[in-house]
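Chain by chain, the residues run as shown.
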Amino acid sequence: MAAAAGVAEGRWPPSGLSPRPVSPPSPGWGSAVVVLSSDSEPEVVPLAERVKRRLSRGRPSAEGSAARGEEGGERPCGSGERPAAGGGGQGGTAGVLVAEVRPWGGTNGAAGAEGAARGLPQAALAEPAARPGGSPPSGGSAETSPAPKKRKYSQKEREAMCQAAWQRRKEREAQKRQQEQEKERKKTLAKILKAQRPGECQKYITVVLDPAILQVEGGAQVFAALQSANYACVVESQAVPCSITWRRKAVIPQTEDGDEWTEEPNVLVLLRLEEFLSMVRGYKQEAQGCAGDKETLQSFVAQVMKKMPGKILALTVVEVEKYFRCLRAQSKKRLQQATVHRNQGEEQRRREAKDSGLEISRLDVEEALVDLQLCTQVQVTFFASWEELGEFATMFSKAVAEAPYKREQEKTGFSFYLENKWCRGVKVDPSGKGLFEVWKRQIQQFNRVSLEMAEAVVSAYPSPQLLDQAYSRCSSEQERENMLANILVRRGDGVTATSRRIGPELSRRIYLQMTSHDPDLYLDAT
């Protein structure tokens, strides 16, 4: 209590205690004050109680405090020391040390005392981050740089900035949307191209058969052949009896209602043998000038095209050869009977002539088919059995499925067919196989040079380098131009084989092409 009395009298530091630096309290950092004395246990004084004591005692003015400090010889308080409540003075045997209890642990007064004892600067002790007990809250530094002032924009500038930002955002969204559309378009195109490839296109084709096909003798075999080839088959009534059509499923449907189907333009119609022979007989009577209302192949095709306009029609007939075999057998039998019964009456001969007029020969069928093809461009295919018709229906379905892919392959930009033997390219492998064919094609490109002439030249000189070396061995220009003139060109085989020579004209043109450096030289000029 003597230390407390010394403090009350203004003596600092009290006797018996060394001066302890005390850090000034920071707002919100501590919630209590620990009062330490030399002869009693530490007493914890709440912050509210400490404030009440200060207010009851009255806070001295700044001038009075400074005067008392000068009179008592008190040194000014640093950043880490503060006199206890009641003022400071000199001397004394006891004193009170006030230390703030920080939330992160430790006391400010104790740390200040240890720093003063060791001689450490107060700036180093004021850094809470160096304490093992914890770190101070952010914003605890007293010296902070002033925040930079923000530029103030006018109303027009703000509107222009907002408009520019909105425009940039709109452009980014449009670009992103365009990229997504392009990606989706490429994905759709790749899916469509994949669906058109052989092996995949059959999955999108459905074969539609008329119920009348299943009622004929071998219709079940045709249906089984299509199913064995993994084609989807549907039995529906068609506009033309005994017909087969095809539908293609859309790869990417345009609507969400379901699958979209497209009718293919091809139609395959099966003609019964009796119907076909009747149509050929009608054509024969019409060609002979006999008036009749019998149906012919042309009239039948006209009716089909009227019911199904825009379709590509193909006709099939089964067992025509069987009919011709039976017809030959009957002819032989009648010939044998005529030989045995030579003395038959006139009535019997008239009946045979009538029966022979009803028969259809192979020549009658061929004439009817030629007339049909010339007038309607429709062909008729004959099959010996129903198994062959089933195989044909399967191949026809495959051709219909691969038709879009083949049409895309034919789009080369040229008006002629590049896959022909004489104009398509030659494949050359890394080993050099195919170079001889390329050399022959180069010679064949000359005007008025046939395949036999090109083969004769490349047989004598298998490569351009050998021909060039032969030219270099010639002594004169005239000898070089006529070097190939005497090469024999053979045509045909056997007794019809002929031969001729290359001639000086072609020899001169090949020489000019191999040695001339003029790109505008006209080889056919005399």
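Here the structure is a predicted model, which is why all the values come from computation and not from measurement.

Reading the values: the criteria
Residues numbered from 1 in each chain as written. Predicted model: local features only at pLDDT ≥ 70, side-chain atom pairs only at ≥ 80, totals over all residues. Heavy atoms only, no water. Axes fitted to C-alpha atoms, helices over the stretch in contact; angles between N-to-C directions. Helix = DSSP H or I, 4+ residues; strand = E, 2+ residues; numbered from the N terminus. Parallel < 35°, antiparallel > 145°, perpendicular 65-115°, else oblique. Contact = heavy atoms within 4.5 Å. Nonpolar A, V, L, I, M, F, W, Y, C, P; charged D, E, K, R; others polar. Buried < 20%, exposed > 50% of the residue type's maximum accessible area, 1.4 Å probe, protein only. Pairing = 2+ DSSP bridges. Phe/Tyr/Trp six-rings, centres within 6.5 Å; stacked < 30°, edge-to-face > 60°. pLDDT = per-residue confidence, 0-100. Left-handed = near helix turned anticlockwise from the far one by under 90°.

Another point: the packing of helix H17 (residues 464-472) against helix H19 (residues 504-515). H19 packs onto H17 with a crossing angle of 100 degrees between their chain directions and a minimal axis gap of 11 Å. On the basis of the axis angle, H17 is roughly perpendicular to H19. Between H17 and H19, the contacting residues are Pro464, Leu467 and Tyr471 on the first element and Ser507, Ile510, Tyr511, Met514 and Thr515 on the second. Class assignment of the residues belonging to the contact of H17 with H19 gives a composition of 6 nonpolar, 2 polar and no charged.

Topologically, Tyr471 is positioned in helix H17. When the C-alpha atoms of Tyr471 and Glu481 are compared, they prove to be 8.8 Å apart, with 10 residues separating the residues in sequence.

This paragraph deals with the pairing of strand S8 (residues 266-271). As a general feature of sheets, a regular strand has side chains that alternate between the two faces. Burial analysis of S8 places 6 of its 6 residues in the buried class, the great majority of the element. The alternating pattern of S8 places Asn266, Leu268 and Leu270 on one face and Val267, Val269 and Leu271 on the opposite face, and all of these are buried. Note that strand S6 (residues 243-249) and S8 share 2 bridges and pair antiparallel. Bridged to Ser243 within S8 is Val269. Bridge analysis of S8 against strand S9 (residues 312-318) gives 6 bridges, and the strand direction is parallel. When the bridges of S9 are listed, Val269 appears paired with Leu315.

Overall, the coordinates contain 6 aromatic pairs when judged by the stated rule. Seen from their ring centres, Trp246 and Phe396 are 5.1 Å apart, and the 25 degrees between their planes marks the pair as stacked. With Trp246 in strand S6 and Phe396 in helix H14 (residues 386-409), the pair connects residues that are 150 residues apart, well separated along the chain. For the pair formed by Trp246 and Phe396, the shared burial category is buried. On the basis of an interplanar angle of 55 degrees and a centroid distance of 5.7 Å, the ring pair of Phe392 and Phe396 is categorised as tilted. Taken together, the positions of Phe392 and Phe396, both in helix H14 and 4 residues apart, correspond to about one turn of that helix. Here the aromatic residues Trp246, Phe383, Phe392 and Phe396 are joined through ring pairs into a cluster of three or more.

Detailed reading of the predicted model is not advised wherever pLDDT is low. A residue-level look at the protein chain finds 67% of positions with pLDDT of 70 or above and a mean pLDDT of 75. Per-residue pLDDT stays below 50 along residues 1-19; that stretch engages in 53 contacts with residues further than four places along the chain or on separate chains. Counting contacts from residues 21-33, a segment whose pLDDT is below 50, to residues more than four positions away or on other chains yields 52 contacts.

Note that Gly219 resides in helix H8 (residues 219-228). With 167 residues separating them along the chain, Gly219 and Trp386 place their C-alpha atoms 7.7 Å apart. Not counting the four nearest positions on each side in its chain, Gly219 is found in contact with Ile213, Leu214 and Trp386.

A separate point is the packing of helix H15 (residues 435-444) against helix H16 (residues 451-460). Where H15 meets H16, the axes come as close as 9 Å, and the angle between the chain directions of the two elements is 125 degrees. With respect to each other, H15 and H16 are oriented oblique. Once H15 is placed against H16, the crossing between them reads as right-handed. Across the interface between the two elements, Phe436, Trp439, Lys440, Ile443 and Gln444 of H15 pack against Leu451, Ala454, Glu455, Val457 and Val458 of H16. The residue inventory of the contact of H15 with H16, partitioned by class, reads 7 nonpolar, 1 polar and 2 charged.

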